Amino acid sequence: MFEIGSRARTLPAPPGVVWDSLVAPRRAGTRPWLHLLADEVEPSVLTAEKPGRVTWSSLWPSRPDDRILFGLTAARDGGTLLRFTLLTPGEAPDQSKTGHLRRRLNQLLFADLRHSYGQ
């Protein structure tokens, strides 16, 4: 697998809460945050090791073999340092497509998911 994107930022919720959000993003009783575009599909959880790791299948039917690896670490302020790493077994997409994939993950995780925690 080749890395085609990675970013880490903190979220205000503790690792266990973020892990739950990634493993069951549409769980009843939580604020919706996984707002997919027309060219995206619901990811499947491929692996989950509480509280530090989750792997999703691709969000993009045009890139079905890509994987999204999440690493969760407790932050000093009680929140979570969340890192996503976008992996592909094949050739990396062109720069435009790569930029789009990275931007979407940034939006979903560091804007939409963050807002679901009230920030």
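Calculation criteria
- Residues numbered from 1 in each chain as written.
- Predicted model: local features only at pLDDT ≥ 70, side-chain atom pairs only at ≥ 80, totals over all residues.
- Heavy atoms only, no water.
- Helix = DSSP H or I, 4+ residues; strand = E, 2+ residues; numbered from the N terminus.
- Rg over C-alpha atoms; globule rule 2.2 N^0.38 Å.
- Buried < 20%, exposed > 50% of the residue type's maximum accessible area, 1.4 Å probe, protein only.
- Contact = heavy atoms within 4.5 Å.
- Areas by Shrake-Rupley, 256 points an atom, 1.4 Å probe, with all protein chains shown as cover.
- Expected span 1.5 Å × (residues − 1).
- Bend = angle between axes of the 7 residues up to and from the residue.
- Pairing = 2+ DSSP bridges.

K.L.:
Report on the overall build of the chain, specifying residues and quantitative values.
P.N.:
A tally of regular secondary structure across the chain gives two helices and five strands. Secondary structure of the chain in N-to-C order comes out as β-α-β-β-β-β-α. Taken against the 2.2 N^0.38 rule, which gives 14 Å for 119 residues, the C-alpha radius of gyration of the chain at 14 Å falls within 12% of a compact globule. In terms of its C-alpha atoms, the chain occupies a principal-axis envelope of roughly 40 × 25 × 25 Å. Relative to its 119 residues, the chain shows a buried fraction of 43%. Partitioning the intrachain contacts of the chain with sequence separation of at least 6 by distance along the chain shows that 57% fall at a separation of at least 24. Entry remark: accessible area of the chain is about 6,300 Å², with carbon and sulfur atoms responsible for 51%.

K.L.:
With reference to specific residues and values, describe helix H2 (residues 95-116).
P.N.:
With 22 residues, H2 extends 30 Å from end C-alpha to end C-alpha; this agrees with the ideal 32 Å at 1.5 Å per step. Remark: the principal bend of H2, roughly 25°, maps to Gln107. In the stretch just after H2, Gly118 is the one whose phi turns positive, near 95°.

K.L.:
How would you sum up the pairing of strand S3 (residues 53-57)? Please name residues and give values.
P.N.:
Of all five residues that make up S3, four are buried, and the element is covered over most of its length. Two strands pair when backbone bridges link them, and strand S2 (residues 45-49) and S3 are joined in this way by four bridges, in the antiparallel orientation. Bridged to Glu49 within S3 is Arg53. In this sheet, strand S4 (residues 67-74) lies alongside S3 in antiparallel orientation, the contact comprising five bridges. Across the sheet, residue Trp56 finds its bridge partner in S4, namely Ile68.

So far we have only geometry, and geometry alone does not tell us how the molecule works.
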